[in-house]
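Next come the chains, spelled out residue by residue.
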Amino acid sequence: MSKHIINEPKQVVTDALVGLTLSNAATSLDPTTNTLYLRDFKKENVLIMCGGGSGHEPAHAAFVGDGMLSCAVSGQVFASPNSKQIEKALVKLSSAKGTLMVVKCYTGDVLQFGLARERWSASHTDDSVRMVIVGDDVAVPRSQGVLTGRRGLAGTVLVYKVAGALAASGASLDEVEHLAQIVASRTGTIGVGLDHCHVPGTAASESYLGADEVEIGMGIVSDELSSRSGTINTDFDLQHNEPGVRKVSPIPTASKLVDELVTTITDANDKERGFLDFKHEVILLVNNLGGLPELELAIVVKEACLNLASKRIKVERVISGSFVSSLSLPGFSISLVLLPREAVPTPIAFTSKLSFDKELILYTLDAPTEAPGWRWHYKGRPESHLEDKDEKVKAATSDVIKGPAPTDPKLFLSCLELALKRVVAAEPEITRFDTIAGDGDAGLTLKAGAEGVQAKLELDQISSEDVVAATLQIAEVVDVEMGGTSGGLYSIFFSGLSKGLLQAASERQADTATAEVWARGLELALNTLYVYTRARPPSRTLVDPLAAFILNFAAFPEKLDKAFAAGILAADTTRFLDATAGRAAYIDAEKIHLANVPDAGAAGVSQILEGIRDALAGHTSS
């Protein structure tokens, strides 16, 4: 839309900033530099400053407030502020602990803030001004962004938030910079628009997109500009033209559109755009680019949450609203922050008592702030507030379907407990195997699943009187706690086992799970697993020991010891195999052979088998 409610095009930025100060008495404005300050910032803390072109409101000035930014330097619409504006802000922000500049990766912003920092450093002997550059865009391919880098998009605001909260807690400049770098490096964003925006003071033009077209991969700066008007910048280089990845027609459903965006961010196999391996816990930010109705934005939130769940990616926080806009652009962006599963080490240059882990990121994200632009969000997982009717249906189904009982309930639980303990204890070794011949997360993933089942056992939520109910309960836990490929495989296997045990008991008209029932049930479960994976022995995967154990047990139910031995041997033998499936199939086979390590997934199955074997042996000896 080319209609605007303004006074003079040259004054739009200053007028807007004056309006912001009138609505937030905790701030003050320097109209000569269009810089908004927190009036009573604490000089004993690290101070956070940012800036960039205007037109992205509420970014950047509306994020000035206790617990977030100390100041924001505004350029004209879609134009970087100049270095003199930034230098003046640095002088005013002089702090005992230093200042951190958080800058979006746009050429002008990086140059102007970098120039101001270099001039500051030339006249100061200390290293009190640092700069973190945020480039979270995944739409620009690696090959295209070699020189310019990834654009800074809505994920930048999340860096503001965590850095500001940590600074407010009294942390050092090293600590604040480190946390900001962690979040910046673990964020991916992609945007979509139904049209481009119009800048006040420029001539109206025809719609950039057709009536039934959408553009995927848009940035936050309009490319509609074609002439100068006043001090509004319209001299864009190719980066600032902000073309999308592609146009799509007809406009897809929200579900299909969100799936394409989320897949673009999370697909680690995409050599051009797979910047991070999103397969664990994330923060989800759904950002309104300025002109999307809240009704539609809420639909995007819903679809994004469901899509991530279908990919077995756990959402720890959902934040939605307008954070970094492009004036009135009708569109949205999705940002994901990959939360670390373990603490990220600090650089050698400094030490800290803080643990830079998932908990610290969530704590700083949830910390209170008085910045008017920051939107409220629920401080917990989104699924915790969903209606539980589906859970009730599951529970009701479990109550109706009765399976055979263990021949010895106490021994059944003992086998399960010892198997889980062995998996947890073996995590470092399994992680080592997977670091060499995989992606390094197998140990932690298996440990997470095992600990999840242990927690259910402690709460008496794993049945000791019905093996079908027990295996279903285990399947649900590993699906949630493990996630990823291995979580899916284990969940499918245990779900198949519950169905297999039910069928085996029915075939034999048995009320208890005898060795024959278990052997047949396991064989049926393996067949179910084969429906969903192409891996077949020998494949250097968890299927090798699983199949060896099950097929031996199914052939000779009375010779359980030989089945255990076959499975454990098959797991160890994977060290000599070429990988035909799994992550190891993408790694140099010679490197794996030289390392002489078994497959991590197979090693996990071996630990389970050894735990059950030892529990049964202990029972027999007693």
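The rules behind each value
Residues numbered from 1 in each chain as written. Predicted model: local features only at pLDDT ≥ 70, side-chain atom pairs only at ≥ 80, totals over all residues. Heavy atoms only, no water. Buried < 20%, exposed > 50% of the residue type's maximum accessible area, 1.4 Å probe, protein only. Helix = DSSP H or I, 4+ residues; strand = E, 2+ residues; numbered from the N terminus. Pairing = 2+ DSSP bridges. Salt bridge = Lys/Arg side-chain N within 4 Å of Asp/Glu carboxyl O. Axes fitted to C-alpha atoms, helices over the stretch in contact; angles between N-to-C directions. Contact = heavy atoms within 4.5 Å. Parallel < 35°, antiparallel > 145°, perpendicular 65-115°, else oblique. Left-handed = near helix turned anticlockwise from the far one by under 90°. Nonpolar A, V, L, I, M, F, W, Y, C, P; charged D, E, K, R; others polar. Polar contact = N/O pair within 3.5 Å; in protein donor to acceptor, adjacent residues only side chain to side chain. pLDDT = per-residue confidence, 0-100. Core = buried A, V, L, I, M, F, W, Y, C linked by side-chain atoms within 4.5 Å.

Colleague: Is there a simple way to explain the pairing of strand β2 (residues 35-38) in this structure?
Modeller: The two faces of a sheet get side chains in turn, since along a regular strand they alternate between them. The alternating pattern of β2 places T35 and Y37 on one face and L36 and L38 on the opposite face, and all of these are buried. In textbook terms, the turn of a hairpin is the stretch between consecutive antiparallel strands, and for strand β1 (residues 27-30) and β2 this stretch comprises four residues, one of which, N34, has a positive phi near 50°. Bridging between β2 and strand β4 (residues 71-77) involves three bridges; their strand directions are antiparallel. Along β4, the bridge assignment pairs L36 with A72.

Colleague: For this particular structure, what's the right way to read the pattern of salt bridges?
Modeller: Close approach of charged atoms allows side chains of opposite charge to pair. Under the criterion given, the structure shown has 24 salt bridges. Here D259 ties to K311 by a salt bridge, and the two come within 3.1 Å at their closest N and O atoms. In this pair, D259 is assigned in helix α7 (residues 254-266) and K311 in the loop between α8 (294-310) and β11 (314-321), connecting sequence segments 52 residues apart. The exposure class assigned to D259 is partly exposed, which follows from its relative accessible area of 32%. Residue classification places K311 among the partly exposed positions, given a relative accessible area of 26%.

Colleague: Sorry, what's going on with the sheet that holds β1 here?
Modeller: In any sheet, the strands associate via hydrogen bonds between backbone groups, in a parallel or an antiparallel arrangement. Taken in spatial order, the six strands line up as β1-β2-β4-β3-β5-β6 in an open sheet, and their pairing is mixed. At either end of the open sheet lies a strand with only one pairing partner, and these are β1 and β6 (129-134). If you compare each strand with its neighbour and ignore which way they point, the axes differ by 20° on average. Relative to strand β5 (residues 99-104), helix α4 (residues 155-168) is tilted by about 170°, and along the sheet it contacts β3 (47-54), β5 and β6.

Colleague: Help me understand the packing of α7 against α8, please; the structure alone is not making it clear to me.
Modeller: A packed helix pair is summarised by two numbers, namely the angle formed by the two axes and the spacing between the axes. Taken N-terminus to C-terminus, the directions of α7 and α8 make an angle of 55°; their axes are 9 Å apart at the nearest point. With respect to α8, the element α7 is oriented oblique. Every pair of crossing elements has a handedness; the one defined by α7 and α8 is right-handed. Contacts between α7 and α8 involve A254, S255, V258, D259 and V262 on the former and, on the latter, I299, V300, E303, A304, N307 and L308. Across the contact of α7 with α8, the residue classes tally to seven nonpolar, two polar and two charged.

Colleague: I would appreciate a short explanation of the side chain of S498 in the present structure.
Modeller: Mapped onto the fold, S498 is located in helix α15 (residues 484-508). We classify S498 as buried; its relative accessible area is 5%. A distance of 2.6 Å separates a polar atom in the side chain of S498 from the backbone oxygen of S495.

Colleague: Any chance you could explain the confidence of the model for the protein here in plain terms?
Modeller: Chain-level statistics for the protein give a pLDDT mean of 88 and a share of 91% at 70 or above. Throughout residues 223-241 the model reports pLDDT below 50, and contacts reaching past four residues in sequence, or to other chains, amount to 48 contacts.

Colleague: What should I look at first to understand the sheet that holds β11 in this one?
Modeller: Across the sheet, six strands lie side by side as β9-β8-β7-β12-β10-β11; this open sheet has mixed pairing. Every interior strand has two partners, whereas the edge strands, β9 (246-248) and β11, have only one. Taken over all neighbouring pairs, the strand axes of this sheet differ in orientation by 20° on average, direction set aside. As paired strands, strand β7 (residues 187-193) and strand β8 (residues 214-216) are joined by two bridges and run antiparallel to one another. Each bridged residue has a counterpart across the sheet, and for V192 the counterpart in β8 is I216.

Colleague: How do you make sense of the nonpolar core when you look at a structure like this?
Modeller: Note that soluble globular proteins tend to have their nonpolar side chains buried in a common cluster. The biggest cluster of nonpolar side chains holds 76 residues, and the ones touching the most others in it are I48, M49, F63, L100, M101, V176 and W374. The element best represented in this core is α4, accounting for eight residues. When near neighbours in sequence (up to four residues on either side) are disregarded, W374 contacts F63, M68, V157, L158, K161, I319, F323, L365 and T369. Within the second largest apolar cluster, 56 residues are counted, among which are L420, L457, Y490 and I568.

Colleague: What is the right way to read the side chain of K358 from this model?
Modeller: In this structure, K358 sits in helix α9 (residues 358-366). Discounting chain neighbours no more than four positions away, the residues touching K358 are E281, E316, L339 and P340.

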